[in-house]
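Structural overview for review
If you want the building blocks of each chain, they are given just below.
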Amino acid sequence: MDVFDNLLLGFQTAMSLSNLAYCLVGVFLGTAIGVLPGLGPVATISILLPITFGLPPVSSLIMLSGIYYGAQYGGSTTAILVNLPGEASSVVTALDGYQMARQGRAGLALATAAIGSFFAGTVATLLIALFSPPLAEIALTFGPAEYFSLMVLGLVASIVLASGSLLHAVGMVLLGLLLGLVGTDVNSGAARYTFESPYLADGIGFVAVAMGVFGLGEIIANLEHETTRDVMVKRVTGLMPTREEWRRIAGPILRGTAIGSVLGILPGGGALLASFASYSVEKRVSKHPETFGRGAIEGVAGPEAANNAGAQTSFIPMLTLGIPSNPTMALMIGALTLQGIQPGPSVMTEQPALFWGVVVSMWIGNLFLLVLNLPLIGLWVRMITVPYHLLYPAILVFCAIGVFSLSNTTFDVYLMSVFGILGYAFRKLDCETAPMLLGFVLGPMMEENLRRALLITKGDASVFITRPVSATMLALALVLLVVVLTPAIRGKREEAFQEGA
Amino acid sequence: MRPPIRSPKEFGAGLIHLTFGAAAVWIGRDYAFGTGARMGPGFFPTVLGAALVAIGLAALVRSFMMPGEPIGRIAWKPLFLVVAASLLFGFLLPRAGLAVALAILALVSAAASEKFRLDWRAAAGLAALIAVCVLVFVKGLGVPLPLLGTWFGE
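Residues numbered from 1 in each chain as written. Chains lettered and ligands numbered in written order. Predicted model: local features only at pLDDT ≥ 70, side-chain atom pairs only at ≥ 80, totals over all residues.

**Here's the deal with the overall build of chain B**
Along the backbone of chain B there are five helices and zero strands. The linear arrangement of helices and strands in chain B, starting from the amino end, is α-α-α-α-α. What you see for chain B is a C-alpha radius of gyration of 24 Å, clearly larger than the 15 Å of a compact globule of 154 residues, by over 25%. Counting only C-alpha atoms, chain B reaches 55 × 55 × 25 Å along its principal axes. Every one of the 154 residues in chain B was classed for burial, and the buried ones make up 37%. (Helix = DSSP H or I, 4+ residues; strand = E, 2+ residues; numbered from the N terminus. Rg over C-alpha atoms; globule rule 2.2 N^0.38 Å. Buried ≥ 20, exposed ≤ 12 C-beta atoms within 10 Å, placed from the backbone.)

So this is what it looks like as structure tokens:
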């Protein structure tokens, strides 16, 4: 097993004409939907997910990953051009990127974002190739106790990183876990919370939840106050950085990549943390911190690199452990499961072509982003200027067809409507929905591993603290909770989210 | 006199958590609880439900103690129309077929916007959208969406 052999296998898979095409289409569609204001990666992937159902697993995952970076890049484009970040992690990009656009340097800001993302994506892809095999090997030694504790750690991290009240974030995780348990219990065959409906026997469709909460809920919230958007720039010119500007962005991109790669692996939405961290680092090391917030190119380069590196390395826990580290990865796991693949450490050994094909296609996807997006910027600007009152009925149309095509029943359409109401309610009550979606995906896995762990020890719960790996995870989770509850840090955390809002 | 509920957002969130938690425990009492070593189907949901009840109660108590923001204006019209539009889509799809269901979905939801006017451009856009959906999803991807429903004798 050699990294180069693996990458070669990956190139063979990813470079097939059809997979290249799916990657390209994914990146293109992802960007096209992602630039639409108010649609972040999770919503974009949910909307486009049905298109990938009919594909073979490798192609479908390649296309989904393409959609993911496309959506992220699209979000940055919108943040720079109209100051409307589609997702939390491009909030930081909007700070300086929009200022640059106002100064007539939109082209440069967009090019910087693309270059930073490409570099970060390349490094992060290499990291995935290097670190996934040993990590998967470690993961193969994990028993149910380790898995359970790992999921606890992931959920705690998602609680800590959620904006708003900690109490409600915990509530949302519990609610998500409970919703995940609806359906037939694998062990006893008992139907739980199905209200004797055959449609619920296989559980609540997770796309119905995601689309209801992130699609419908978001649309209703956006209609609360309709505003007209002004695009700063109708024509984008002056793309390439000058020599001087290359020199200025090199450092931030390198540092951003390093920060993003490390934080992305953390469960619970590392990419968001990464872009915030990179921004404050750049501000601190800069000789001209006063330019930040007024169109500093470093403030675009660093966070964009960090953001993309984090997005990429967040695939590592998903691919090696089968545990999602953020809602986007939860969607990916859902998509894989629909394809009949149980994500986990065995994917790499049992389906090496799938694993390495996806890894290599990540890099190819980033390359496509770089060569595709800058020439197409005029098209993206036109997409952004489509008025919202024409846009959202079309989004609803795609949501409705998408959720139907999942199981070919109208039941899921009704379910989506119900979750739309819930999604709007949670938004009004400041309850973040990302931890809920994470809990929803982890619910059945957690129960299964808890059950197995306790079955082996005949009910002795001390197994979670006597096995070293499990104990470490739980200790980390505890430390995270204690730290975030410390009044000083708590204030800082709220401050950080204030800055982001 | 100040109103007893000082933080309406906290109150609302607490109420939702309490309701779901209590429902999980209440319905879950029919499922075998089992023992620690042999967890029954009721074990995990009951524990989670009880924890959610606790969270909900804590939030309710907090909502009377701590000042907080008001919930703000609720967008009843968009809420009603968007949800109704997607429910109608589900109802009409098998009965009236895809084209009608999509048209109703788009038009009812669009009515939620102050700015939407059904002029010839919007109508042409809608027709094009429906055509694209039929071509891509039904013809291209083979999603079994009925083009004409039972009302039209299909």
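Having seen the structure, we can now continue with the description.
**A closer look at the overall build of chain A**
Looking only at helices and strands, chain A features 23 helices and two strands. The globule rule puts the C-alpha radius of gyration for 501 residues at 23 Å, and the 22 Å found for chain A is close to it. For the C-alpha atoms alone, the extent of chain A along its principal axes is close to 65 × 55 × 45 Å. Across the 501 residues of chain A, 61% fall into the buried class.

**Comments concerning the packing of helix α6 (residues 106-140) of chain A against helix α16 (residues 352-373) of chain A**
Residue and element names in this part refer to chain A. The interhelical angle for the contact between α6 and α16, taken along N-to-C directions, is 175°, at an axis separation of 9 Å. Here α16 runs roughly antiparallel to α6, going by the angle between their axes. Residues Ala114, Ser117, Phe118, Gly121, Thr122, Thr125, Ile128 and Ala129 of α6 touch α16, and the partners they reach there are Val359, Met362, Trp363, Asn366, Leu369, Leu370 and Asn373. In terms of residue class, the contact of α6 with α16 is built from nine nonpolar, six polar and no charged. (Axes fitted to C-alpha atoms, helices over the stretch in contact; angles between N-to-C directions. Parallel < 35°, antiparallel > 145°, perpendicular 65-115°, else oblique. Contact = placed C-beta atoms within 7 Å. Nonpolar A, V, L, I, M, F, W, Y, C, P; charged D, E, K, R; others polar.)

**Description of the environment of threonine 125 of chain A**
Residue and element names in this part refer to chain A. Tracing the chain through its elements places threonine 125 in helix α6. Take threonine 125: there are 24 C-beta atoms within 10 Å of it, and that puts it in the buried class. Sequence-wise, threonine 125 and threonine 31 are 94 residues apart; in three dimensions their C-alpha atoms are separated by 20 Å. If we ignore the near neighbours within four places in the chain, the residues touching threonine 125 are Gln312, Val359, Met362 and Trp363.

**A word on the interface of chain B and chain A**
Between chain B and chain A, the residue contacts involve 61 residues of the former and 55 residues of the latter. Here the side of chain B that touches chain A gets eleven residues from one element, more than from any other, and that element is helix α3 (residues 76-96) of chain B. Here the side of chain B that touches chain A is composed, by residue class, of 43 nonpolar, 14 polar and four charged.

**Re the confidence of the model for chain B**
Summarising the model, chain B shows a mean pLDDT of 89, and 97% of its residues fall at 70 or more. What the predictor reports for the complex is a pTM of 0.86 with an ipTM of 0.93. (pLDDT = per-residue confidence, 0-100.)

**Observations regarding helix α12 (residues 298-313) of chain A**
The end-to-end C-alpha separation of α12 of chain A is 22 Å, in line with the 22 Å expected for 16 residues at 1.5 Å each. In terms of burial, α12 of chain A is a largely internal element, 16 of the 16 residues being buried. (Expected span 1.5 Å × (residues − 1).)

**Things to note about the environment of alanine 136 of chain A**
Mapped onto the fold, alanine 136 of chain A is located in helix α6. When the C-alpha atoms of alanine 136 of chain A and proline 393 of chain A are compared, they prove to be 44 Å apart, with 257 residues separating the residues in sequence.

**Quick notes on the domain arrangement of chain B**
How big an interface is tends to be stated in terms of accessible area lost as the parts join. Domain assignment breaks chain B into domain 1 (8-65) and domain 2 (76-152). For domain 1 of chain B and domain 2 of chain B, the distance between their C-alpha centroids amounts to 39 Å. (Domains from an automatic or database assignment.)

**A closer look at the packing of α3 of chain B against helix α4 (residues 98-110) of chain B**
Residues and elements named next belong to chain B. As a packed pair, α3 and α4 sit with axes 8 Å apart at the nearest point and diverge in direction by 170°. On the basis of their axis angle, the class for α3 and α4 is roughly antiparallel. Listed contacts from α4 to Leu81, Val82, Ala84, Ala85, Ser86, Leu88, Phe89, Leu92, Leu93 and Ala96 of α3 are Leu98, Val100, Ala101, Ile104, Leu105, Val108 and Ser109. Among the residues making up the contact of α3 with α4, the classes are represented as 15 nonpolar, two polar and no charged.

**Remarks on helix α19 (residues 411-428) of chain A**
In this model α19 of chain A runs 26 Å from its N-terminal to its C-terminal C-alpha over 18 residues, within 8% of the 26 Å that 1.5 Å per residue would give. Burial in α19 of chain A covers these residues: Asp412, Val413, Leu415, Met416, Ser417, Phe419, Gly420, Leu422, Gly423, Tyr424, Phe426 and Lys428 of chain A. Considering only its buried residues, α19 of chain A is in contact with α9 (206-224) and α18 (388-407) of chain A together with α3 of chain B. Taken from the residues just after α19 of chain A, aspartate 430 of chain A is the one with a positive phi, measuring 60°.

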